[in-house]
Amino acid sequence: MSSASDVVAILKANKITHVRIYDTDAHMLNALANTGIEVMVGVTNEEVLGIGKSPAAAAAWINKKVASYVPSTNITAIAVGSEVLTSIPNAAAVLVPAMNYLHKALVASNLNFQVKVSTPQSLDVIPRPFPPSTATFNSTWNCTIYQLLQFLKNTNSYYMLNAYPYYGYTTGNGIFPIDYALFRPLPSVKQIVDPNTLSHYNSMFDAMVDATYYAIDAFNISGIPIIVTETGWPWLGGANEPDATVENAETFNNNLIRHVLNDSGPPSQPTIPINTYIYELFNEDKRPGPVSEKSWGIFFTNGTAVYTLSLSSSNRITGNSSVTYCVVKQNVDSGKLQEGLNWACGQGGANCTAIQQGQPCYIPDTYQNHASYAYNDYYQKMRSAGGTCDFDGTATTTTVDPSYGSCVFTGSTNSSTSGANFPPVSPGPISPEGGSSSSSFQASIFQSLLTAALLALILL
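Per an unreviewed UniProt entry, the protein carries the name glucan endo-1,3-beta-D-glucosidase and comes from Hevea brasiliensis. Quoted verbatim from the Sequence similarities (unreviewed entry) field of UniProt, the annotation for the protein is "Belongs to the glycosyl hydrolase 17 family." Listed in UniProt under the heading Catalytic activity (unreviewed entry), the comment for the protein reads: "Hydrolysis of (1->3)-beta-D-glucosidic linkages in (1->3)-beta-D-glucans."

Participant: I tried to follow the state of the cysteines on my own but got confused; where do I start?
Facilitator: Formally, a disulfide is one covalent bond, and it connects the sulfur atom of one cysteine to the sulfur atom of another. One pass over the structure, following the stated rule, counts three disulfides. What pairs with Cys-326 in a disulfide is Cys-389, and their sulfur atoms sit 2.1 Å apart. Measuring the twist about the S-S bond at about 85°, one finds the Cys-326-Cys-389 disulfide to be right-handed. Of this pair, Cys-326 sits in strand β13 (residues 325-328) while Cys-389 sits in the loop between α13 (367-382) and β14 (395-398), placing them 63 residues apart in sequence. The exposure class assigned to Cys-326 is buried, which follows from its relative accessible area of 0%. Note on Cys-389: relative accessible area 13%, which makes it buried. In this model Cys-361 forms its disulfide with Cys-407; the gap between the sulfur atoms is 1.9 Å. Between Cys-361 and Cys-407, the S-S torsion sits near 105°, and that sign places the bridge as right-handed. Highlighted residues: Cys-361 in the loop between α12 (334-345) and α13 and Cys-407 in the loop between β14 and β15 (455-459), separated in sequence by 46 residues.

Participant: Is there a simple way to explain the pairing of strand β6 (residues 159-162) in this structure?
Facilitator: Sheet faces and side chains relate simply in a regular strand, where the side chains alternate between the two faces. Every second residue of β6 is oriented toward a common face, with Tyr-159 and Leu-161 on one face and Met-160 and Asn-162 on the other, all of them buried. In this structure, strand β5 (residues 120-122) lies alongside β6, joined through three bridges in parallel fashion. Note on β6: the bridge partner recorded for Gln-121 is Leu-161. Handedness of the crossover joining β5 and β6 through helix α7 (residues 142-154) is recorded here as right-handed.

Participant: Explanation requested: the environment of Trp-343 in the structure shown.
Facilitator: If you trace the backbone, Trp-343 turns up in helix α12. For Trp-343, a relative accessible area of 33% translates into the label partly exposed. Expressed as a C-alpha distance, the spacing of Trp-343 and Ala-374, which sit 31 residues apart in the sequence, is 9.3 Å. Non-local contacts of Trp-343, meaning those with residues more than four positions away in its chain, are made with Gly-348, Tyr-378 and Phe-391.

Participant: Help me out: how do you make sense of the nonpolar core in this one?
Facilitator: Soluble, globular proteins show a tendency: their nonpolar side chains are buried together. Counting 132 residues, the largest nonpolar core has Val-66, Ile-78, Val-80, Phe-137, Leu-149 and Tyr-159 as the members making the most contacts within it. At 10 residues, the largest contribution of residues to this core is made by helix α10 (residues 204-217). Counting seven residues, the second-largest nonpolar core is a separate cluster that includes Met-40, Ala-77, Ala-79 and Tyr-277.

Participant: Hey, could you run me through the packing of aromatic side chains in this one?
Facilitator: Scanning all chains against the criterion turns up 22 aromatic pairs. Taking 5.3 Å as the distance between ring centres and 70° as the angle between the ring planes, the aromatic pair formed by Tyr-166 and Tyr-167 counts as edge-to-face. The two residues Tyr-166 and Tyr-167 agree in class, both being buried. Relative to Trp-296, the ring of Tyr-167 lies with its centre 5.8 Å away and its plane at 35°, an arrangement referred to as tilted.

Participant: Quick question: what am I supposed to make of unusual backbone geometry here?
Facilitator: In this model, Phe-130 is joined to Pro-131 through a cis peptide bond whose omega is 0°. Note on placement: Pro-131 falls in the loop between β5 and α7. Of the consecutive residues Ile-363 and Pro-364, the connecting peptide bond is found in the cis state with omega at 0°. Note on placement: Pro-364 falls in the loop between α12 and α13. Phi is positive for Asn-220, which is not a glycine, with a value near 60°.

Participant: Would you mind going over the packing of helix α6 (residues 92-108) against α7 with me for this structure?
Facilitator: Between two packed helices, what matters for the description is the angle formed by their axes and the separation of those axes. Relative to each other, α6 and α7 sit at 15°, their axes nearing to 9 Å. By the angle between their directions, the pair α6 and α7 is classed as roughly parallel. Here α6 runs over α7; the crossing is left-handed. Residues Ala-92, Val-96, Met-99, Asn-100 and His-103 of α6 lie in contact with α7, whose contacting residues are Thr-144, Gln-147, Leu-148, Phe-151 and Leu-152. The class makeup of the residues in the contact of α6 with α7 is six nonpolar, four polar and no charged.

Reading guide: rules and limits
Residues numbered from 1 in each chain as written. Predicted model: local features only at pLDDT ≥ 70, side-chain atom pairs only at ≥ 80, totals over all residues. Heavy atoms only, no water. UniProt positions renumbered as here; feature names shortened; annotations may be inferred. Disulfide = S-S within 2.5 Å. Helix = DSSP H or I, 4+ residues; strand = E, 2+ residues; numbered from the N terminus. Buried < 20%, exposed > 50% of the residue type's maximum accessible area, 1.4 Å probe, protein only. Pairing = 2+ DSSP bridges. Right-handed = clockwise from strand over helix to strand, strands pointing away. Contact = heavy atoms within 4.5 Å. Core = buried A, V, L, I, M, F, W, Y, C linked by side-chain atoms within 4.5 Å. Phe/Tyr/Trp six-rings, centres within 6.5 Å; stacked < 30°, edge-to-face > 60°. Axes fitted to C-alpha atoms, helices over the stretch in contact; angles between N-to-C directions. Parallel < 35°, antiparallel > 145°, perpendicular 65-115°, else oblique. Left-handed = near helix turned anticlockwise from the far one by under 90°. Nonpolar A, V, L, I, M, F, W, Y, C, P; charged D, E, K, R; others polar.

Set out below in structure tokens:
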């Protein structure tokens, strides 16, 4: 990983003004000093139990982790744990006491008007989020959630929601079209409508946020805005993850940004903007689990964009758009890919060493990945002599550099470094679906890993 100062340089170069880190890494907080970047810090799940049982522990945490850095480092929020109710339910009883103790410590330090306290929760706390108008929280946690909402109301804070249309779509068994998950317009015959309110939902993201508003309203509590503390889309997946592609990730995040920058809310709260953090700043190539778990980043660690991203109308982050690559199309028959791969590596003369077992492009071990590498190697070598990117209709050209980790595709500006710009990353403390953290510092519109850390930023 790059140093903390280099990560901050990436944030500044891309005019990122809000960032979330998942603990209180000293190197990161010091590097963020005097930048003006608004920082959300995190109480790790391991720390919640101790703080929730001890006002003194909460006061010590605030003094050491917050007060000692402000005002130089612009800390504006504390996320207490990550998806505590669904990831460490045994801590539910002390979650709100921990938040109360931290808030009182902020009051004692005269920081309570600058620093808000809340806790990110998964959408899984709402068992049936559709239709939004009938959504309610899991009754198991009614007592805790009522106390949480009262705390947020009394301290003028906000509800933190982790909302992932990627998971909503991929686990939905085809109930919803992928265009709905990617913010693409739906034809009139496929419009998603709440049968009770007749509200039209143009995106699964809005429906998830609205379900949370309705669940809060079921407690007869209003006036608590929602911010989305994690969302995003993976750009690479394994053989059984066909929807984790560069094209879908680019489409989702760019459409998300345009949607959020409209400053409008979901149908039930149209005047309340949905401030949103995108998961995540960097990929986590050492992370265990499915390929998609490693591939949510929007940047490589040298600051190169994984794909083109527009954070605003005037700020466009681009990949190496001067080079055209040849990659496999989505949803192509594996038999056709095998034939194309065999031809490219044989008669076509492509150098397929990198996709052999033990080599940098072998993982993910899928026809889609291996064929993309072989097709592109052939295309880069032969297009000047008339070679095309067709392969019996299974391939297409793109200006998005398909390189990842230490796997560098022919034509990439990083080819000469053999992937040296993309060192491996430590596993992150918290998965997109939640879970406890044993590492020291995460991130989300960007989350990242720094030695043992992830980072994040917000769209306003």
